Amino acid sequence: MTTVAEKSARAAGKPATMAQALTRAMRDAMAEDPTVHVMGEDVGALGGVFRITDGLAKEFGEDRCTDTPLAEAGILGAAVGMAMYGLRPVVEMQFDAFAYPAFEQLISHVAKMRNRTRGAMPLPITIRVPYGGGIGGVEHHCDSSEAYYLATPGLHVVTPATVEDAYGLLRASIASDDPVVFLEPKRLYWSKADWSPQAPAAVPGIGKALVRRAGTSATLITYGPSLPVCLEAAEAAREEGWDLEVVDLRSLVPFDEDTVVESVRRTGRAVVVHEAAGFGGPGAEIAARVTERCFHHLEAPVLRVTGFDIPYPPPMLEKYHLPGVDRILDTVARLQWEN
Amino acid sequence: MTVQELPGAGASHRPTPPPAWRPRTDAAPLLPDAEPYRVLGTPAADRLDPALMRRCYAELVRGRRYNAQATALTKQGRLAVYPSTVGQEACEIAAALVLEEQDWLFPSYRDTLAAVARGLDPVQALTLLRGDWHTGYDPREHRIAPLSTPLATQLPHAVGLAHAARLRGDDVVALAMVGDGGTSEGDFHEALNFAAVWQAPVVFLVQNNGFAISVPLAKQTAAPTLAHKAVGYGMPGRLVDGNDIAAMHEVLTEAVRRARAGGGPTLIEAVTYRMEAHTNADDATRYRGDAEVEAWKAHDPVELLERELTARGILDEAGIQEARDEAETMAASLREGMNADPVLDPMDLFAHVYAEQTGRLREQAALLRAELDAEGDA
């Protein structure tokens with residue numbers, strides 16, 4: 001089976017991982033714009049625990065790629081002040097659950113500064129959060145925290161699923177005059193594609209969903225770490241006689257309703273797939289919107305395949321929790337709504 | 001049980017001595033004095049600068065009048081709420097006066113007076129409390145950050161801004177204000193630690209006014225003084241009489257000078273007292289007695305300076321009257337500004353959420369537009 005990354009590969013490119021594309025995105029942004037600063041715990045000499053900032057301190061100096069004290073509220077709070085002075089901080093939160101101490105800064109200041117100053121003081125901060133499971137991480141290292149961010153007006157929330165998007169979306173996030181929570185699906189860090197960096201404008205930016213696989217039977221709506229799983233499920237579904245369309249949201253805020261609605265109106269059936277807990281999760285919002293706008297086109301209720309409504313399980317149990325191909329296919333089977 | 005009494009303490013069972021260790025910084029110079037620093041009423045007052053002190057006096061009188069006017073506006077329903085700084089005017093004024101034009105002030109929700117003393121229009125300073133918009137001014141234009149309602153969260157902003165300015169080679173100092181309660185917050189710790197590690201040009205001014213709403217300092221901290229907290233971060237801590245504007249000015253000036261010269265941050269604890277309740281929504285009689293308030297009345301910052309300056313012939317009746325007249329003019333203009341009903345555009349609700357409106361917000365804006373139009377037709 002070909003991976004998503006391979007599908008999006010460019011013939012002229014060289015093999016690259018998502019991790020490398022992210023590094024390259026920060027490197028290019030820093031080279032082009034002296035106001036771009038990378039900061040966080042371990043981002044300097046170590047290059048980050050996932051090596052995403054590898055080489056940046058060496059190339060741009062410690063003032064541009066700064067190892068901070070271990071304090072997420074302090075990191076993001078300092079980034080707010082730096083942005084107030086005209087810099088474009090790119091903040092690394094190391095792991096999903098490590099970002100929680102910074103939530104007050106994020107919600108009370110980062111998300112609201114433009115609004116409370118009537119547009120006088122926008123904050124162009126990119127907050128990189130490696131998120132999600134599937135890497136065998138111990139407790140507090142695998143949360144899917146996107147629902148918390150989605151519920152906060154003033155933030156953009158994006159998540160790449162391909163090597164190309166890792167570069168393009170991160171460039172777009174750093175260039176954005178608004179704060180962006182950039183969710184990095186850590187289990188896709190090492191996914192590879194033949195790739196060479198394009199001009200950032202060549203990749204659709206924040207707020208555009210893409211149909212990754214065309215189909216006619218039903219639409220799988222997904223993003224980030226669940227995209228490869230959905231594509232695999234779509235391949236497997238062919239044996240069942242189902243031709244599944246797969247939409248990659250790429251950006252959760254803004255949510256590209258039109259692309260989703262257009263797809264679902266065509267296929268008449270929809271399943272939302274994500275790792276985050278289902279109750280109050282992104283899928284609930286998406287299903288509600290799809291139902292509102294596609295009601296007369298739907299042949300079945302919009303269904304969801306999500307992580308269970310449980311704290312993230314220990315690594316040896318995570319395979320039972322994460323949405324997999326079988327659970328997706330079983331749910332697709334339930335779309336044959338008879339009564 | 002003391003360390004000496006612990007089992008094994010003092011025994012020579014270590015096979016090898018630990019590697020040599022020494023503290024990173026000599027703690028002694030960082031420690032605050034045992035008593036708050038004072039100038040007024042001490043021999044140090046001999047060196048007062050008459051012109052500066054007359055200015056301080058005029059600002060104090062204006063600040064006192066501002067407090068009275070804002071409190072009156074609350075009673076008239078023009079302000080939703082006002083956290084008074086009566087008794088703390090010396091801290092507020094000194095903080096504003098020691099900054100150069102390019103410097104930044106990071107006030108807490110109580111520090112409208114500092115913002116006004118820095119030159120912000122008194123009406124603009126009060127929009128947050130009036131309720132027409134969260135921040136009624138352009139922070140960049142005045143170099144005054146939005147008044148921060150969450151406690152201590154503005155402190156890391158001050159550090160980041162000062163750090164950014166220094167990276168750019170700009171001569172900028174950030175002065176961040178926080179109350180005694182705010183020193184218990186995590187952001188206080190993180191900001192001080194960042195500032196010290198980065199040697200950022202920041203001055204942290206804690207106004208210890210005795211209470212965090214109703215909780216007294218003794219229930220807030222077990223530290224000898226709040227200024228002592230500086231030592232743990234590796235920055236100097238200064239303890240100063242917050243009602244003595246000459247002392248405040250001197251200590252703040254010295255801290256700003258140090259920061260500007262690359263000497264890093266300073267933590268200043270100004271010992272003062274909140275003469276009025278936390279806000280108009282609070283009943284201070286439930287948690288403190290009249291005797292305590294009366295004792296602080298005898299240490300009023302305006303009278304303290306007035307006494308010193310008149311005794312020294314720096315200020316006369318005419319000067320006092322002039323300051324009062326100026327304050328009345330300010331109060332009249334504030335009343336006038338606040339009595340005019342602000343013109344609000346409901347569509348502003350959607351104007352400043354993102355640089356570019358999302359589809360969702362466009363939809364909701366259209367909904368409100370339709371509701372407004374229907375209202376207009378009715």
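Just above sits the structure.
A few points on the structure. Please read all numbers here as calculations on a predicted model, not as lab measurements.

### Structural notes on the packing of helix 1 (residues 50-75) of chain B against helix 2 (residues 89-97) of chain B
All names here are of chain B.
Item 1. Viewed as axis vectors pointing N to C, helix 1 and helix 2 meet at an angle of 125 degrees, and their least axial separation amounts to 9 Å. In terms of axis orientation, helix 1 runs oblique to helix 2. Every pair of crossing elements has a handedness; the one defined by helix 1 and helix 2 is right-handed. Across the interface between the two elements, Arg55, Cys56, Glu59, Leu60, Gly63, Arg64 and Asn67 of helix 1 pack against Glu89, Ala90, Ile93 and Leu97 of helix 2.
Item 2. The residue inventory of the contact of helix 1 with helix 2, partitioned by class, reads five nonpolar, two polar and four charged.

### Things to note about the nonpolar core
Item 1. In this structure, Leu76(A), Met84(A), Ile125(A), Tyr149(A), Leu249(A) and Phe204(B) are the most contacted members of the largest nonpolar core, which totals 89 residues.
Item 2. The element best represented in this core is helix 4 (residues 72-84) of chain A, accounting for eight residues.
Item 3. Residue contacts for Met84(A): discarding those within four places in its chain leaves Met113(A), Met121(A), Leu123(A), Trp104(B), Phe106(B), Arg140(B), Ala145(B), Pro146(B), His157(B) and Leu161(B).
Item 4. Grouped together as the second largest cluster of nonpolar side chains are 69 residues, Leu205(B), Ile245(B), Ala247(B) and Val256(B) included.

### Focus on unusual backbone geometry
Phi is mostly negative for residues that are not glycine, and the peptide bonds are mostly trans.
All names here are of chain A.
Item 1. Omega for the peptide link from Val253 to Pro254 comes to -5 degrees, which places this bond in the cis form.
Item 2. On the secondary structure map, Pro254 appears in the loop between strand 12 (251-253) and helix 10 (257-267).
Item 3. Backbone geometry at His140 places phi at a positive 70 degrees, although glycine is not the residue there.
Item 4. His140 sits in the partly exposed class, given a relative accessible area of 47%.

### What about the interface of chain B and chain A?
Item 1. Residue-level contacts link 42 residues of chain B with 47 residues of chain A.
Item 2. Where chain B abuts chain A, roughly 3,700 Å² becomes buried across the two surfaces, and 59% of that area is made up of carbon and sulfur atoms.
Item 3. Viewed at the interface, chain A and chain B are joined by three salt bridges.
Item 4. With its nearest N and O atoms 2.8 Å apart, the salt bridge here joins Glu285(A) to Arg360(B).
Item 5. For the interface between chain B and chain A, the tally reads 21 residue pairs in polar contact (both at pLDDT 80 or more).
Item 6. Of all the secondary structure elements, the ones that give two or more residues to the side of chain B that touches chain A are strand 1 (104-106), helix 6 (139-142), helix 7 (154-167), helix 8 (186-198), helix 14 (348-351) and helix 15 (359-377) of chain B.
Item 7. Sort the elements by how many residues they give to the side of chain B that touches chain A and helix 7 of chain B lands first, with eight residues.
Item 8. Of the residues in the side of chain B that touches chain A, the class split is 21 nonpolar, ten polar and eleven charged.

Here is what the cut-offs are and how they apply
- Residues numbered from 1 in each chain as written.
- Chains lettered and ligands numbered in written order.
- Predicted model: local features only at pLDDT ≥ 70, side-chain atom pairs only at ≥ 80, totals over all residues.
- Heavy atoms only, no water.
- Axes fitted to C-alpha atoms, helices over the stretch in contact; angles between N-to-C directions.
- Helix = DSSP H or I, 4+ residues; strand = E, 2+ residues; numbered from the N terminus.
- Parallel < 35°, antiparallel > 145°, perpendicular 65-115°, else oblique.
- Left-handed = near helix turned anticlockwise from the far one by under 90°.
- Contact = heavy atoms within 4.5 Å.
- Nonpolar A, V, L, I, M, F, W, Y, C, P; charged D, E, K, R; others polar.
- Core = buried A, V, L, I, M, F, W, Y, C linked by side-chain atoms within 4.5 Å.
- Buried < 20%, exposed > 50% of the residue type's maximum accessible area, 1.4 Å probe, protein only.
- Buried area = accessible area lost by both parts, 1.4 Å probe.
- Salt bridge = Lys/Arg side-chain N within 4 Å of Asp/Glu carboxyl O.
- Polar contact = N/O pair within 3.5 Å; in protein donor to acceptor, adjacent residues only side chain to side chain.

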